Amino acid sequence: MNTNRVAGESLSVTFGDPVVQRAFAQEYVDFLLEYRELQQVIKVVMLNRVINVSQDEVSSISGLEEDDPRVLAVEDKYKANIASFILARISIDEFSELLVLASAGYGLGCMKILRSMYEHVVTSAYVVQNPQVSRALVDSKWIHDAKVWKIIRKIDPSAVERADQRRVEEMEKKAAEAQARLSESICSKCKQLIKVHAWTKVPLSDMAEKVGGDLSGLYLLGYQIPTALAHTTGHCVNEKMVQ
């Protein structure tokens, strides 16, 4: 509860239903007690974490050309470790967001967060197990930036004049290079070039199977069903109507 003075009056603002929140705490008290302990583990694992290239790896590629496969392998491993760690950090934050919605009784909202969290967890594990895909994941940032810039130019053509041309040219160059690497792929059946619009051709369900553990078994509840709620679908409409 937050109370502030607005125009000489006392304004009381409450986020969430206290009755629902108390009911949630009572129903899931065992989980909440365990979650408190889990928070300490998270701090140990996630805080003050340093990700770098080992001295042995640096020595092994010293003097090699930038495009040497051995150099690229070390770079991919480094990028994979960073990407995996950040995706894991995002997943932890999303779990906290999910708890806020759950404690307020927003079950459908929880499902939308769950979808994102599941995708981040699976991708985090997949990338660290397959570091060669990290380059495509990291490079997809430039493709995204180029799309955003295209929309900005359409909305406000004068933005071109105000923009830092050097940065724009660099962004467009890297986006073009990333898209070229991404788009050219050979279909295993017809042997023809196919267009790829995501950073990877591997479906999330296949990633979950390759990663192992229980993630594959959680695909239906953790991703497939929540996806239908996150997008405009008949299932989304029906679930809200039933609620």
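Before reading on, note that the structure itself is shown above.
This text gives an overview of the structure that appears in the document. Quick caveat, the model's predicted, so the values are computed rather than measured.

**Thoughts on the overall build of the protein chain**
Now for step 1: Looking only at helices and strands, the protein chain features eleven helices and four strands.
Now for step 2: Put simply, 58% of the contacts in the protein chain that link residues at least 6 apart link residues at least 24 apart.
Now for step 3: Carbon together with sulfur atoms contributes 57% to the accessible area of the protein chain, which is approximately 16,900 Å² in total.

**Comments concerning the environment of Trp 149**
Now for step 1: By the secondary structure assignment, Trp 149 is in helix α6 (residues 134–155).
Now for step 2: Look at Trp 149 and you get buried, because its relative accessible area is 11%.
Now for step 3: Residues Trp 149 and Glu 172, 23 residues apart in the sequence, show an inter-C-alpha distance of 9.2 Å.

**Looking at the nonpolar core**
Now for step 1: With 18 residues, the main nonpolar core has Tyr 118, Val 122, Val 127 and Leu 204 as its most contacted residues.
Now for step 2: Where this core is concerned, the elements lending two or more residues are α4 (69–103), α5 (107–129), α9 (204–211) and α10 (219–230).
Now for step 3: Top element by residues in this core is α5. It accounts for five residues.
Now for step 4: Those residues within four positions of Val 122 in sequence are excluded, and the remaining contacts are Leu 204, Met 207, Ala 208, Val 211 and Leu 215.

**Regarding the pattern of salt bridges**
Now for step 1: One pass over the full model with this rule turns up eleven salt bridges.
Now for step 2: One salt bridge connects Glu 119 with Arg 115, and the closest N-O pair in it is separated by 4.0 Å. Note that Glu 119 and Arg 115 are positioned in helix α5 at a spacing of four residues, about one turn of the helix.
Now for step 3: The salt bridge partner of Asp 156 is Arg 162, with a shortest N-O separation of 2.7 Å.
Now for step 4: Judged by its relative accessible area of 58%, Arg 162 is exposed.
Now for step 5: Overlapping salt bridges, with partners in common, bring together Glu 75, Asp 76 and Arg 135 in one network.

**Quick word on α6**
The periodicity of an α-helix, 3.6 residues per turn, causes residues three or four places apart in sequence to face the same way.
Now for step 1: The terminal C-alpha atoms of α6, which comprises 22 residues, lie 33 Å apart, in line with the 32 Å expected from a rise of 1.5 Å per residue.
Now for step 2: Of all the positions in α6, only Ser 134, Leu 137, Asp 139, Ile 143 and Trp 149 are classed as buried.

**Here's the deal with the environment of Gln 129**
Now for step 1: With respect to the helices and strands, the residue Gln 129 is situated in helix α5.
Now for step 2: Accessibility expressed as a relative area gives 44% for Gln 129, which makes it partly exposed.
Now for step 3: Sequence separation of Gln 129 and Lys 210 is 81 residues, and the distance between their C-alpha atoms is 9.1 Å.
Now for step 4: Those residues within four positions of Gln 129 in sequence are excluded, and the remaining contacts are Lys 210 and Val 211.

**A short note on the side chain of His 120**
Now for step 1: Tracing the backbone through its elements, the reader meets His 120 in helix α5.
Now for step 2: The contacts of His 120, once residues within four sequence positions are left out, are Leu 87, Ile 90, Ser 91 and Glu 94.

**A closer look at the environment of Lys 112**
Now for step 1: Mapped onto the secondary structure, Lys 112 falls in helix α5.
Now for step 2: According to the relative accessible area criterion, Lys 112 is partly exposed, its value standing at 43%.
Now for step 3: Ignoring any residue separated from it by four or fewer positions in sequence, one finds Lys 112 in contact with Leu 229 and Ala 230.

**Structural notes on the packing of helix α2 (residues 29–46) against α4**
Now for step 1: Orientation of α2 relative to α4, taken along the N-to-C sense of each, is 155°, at an axis distance of 13 Å. As summarised for this structure, α2 and α4 are arranged roughly antiparallel, according to the angle between their axes. Of the two possible hands of crossing, α2 and α4 adopt the one that is left-handed. In this structure, α2 uses Phe 31, Tyr 35, Ile 42, Val 45 and Met 46 to contact α4, whose residues at the interface are Phe 85, Ala 88, Arg 89, Ile 92, Phe 95, Ser 96 and Leu 99.
Now for step 2: Here the contact of α2 with α4 is built from residues that sort into ten nonpolar, one polar and one charged.

Reading the values: rules and limits
- Residues numbered from 1 in each chain as written.
- Predicted model: local features only at pLDDT ≥ 70, side-chain atom pairs only at ≥ 80, totals over all residues.
- Heavy atoms only, no water.
- Helix = DSSP H or I, 4+ residues; strand = E, 2+ residues; numbered from the N terminus.
- Contact = heavy atoms within 4.5 Å.
- Areas by Shrake-Rupley, 256 points an atom, 1.4 Å probe, with all protein chains shown as cover.
- Buried < 20%, exposed > 50% of the residue type's maximum accessible area, 1.4 Å probe, protein only.
- Core = buried A, V, L, I, M, F, W, Y, C linked by side-chain atoms within 4.5 Å.
- Salt bridge = Lys/Arg side-chain N within 4 Å of Asp/Glu carboxyl O.
- Expected span 1.5 Å × (residues − 1).
- Axes fitted to C-alpha atoms, helices over the stretch in contact; angles between N-to-C directions.
- Parallel < 35°, antiparallel > 145°, perpendicular 65-115°, else oblique.
- Left-handed = near helix turned anticlockwise from the far one by under 90°.
- Nonpolar A, V, L, I, M, F, W, Y, C, P; charged D, E, K, R; others polar.

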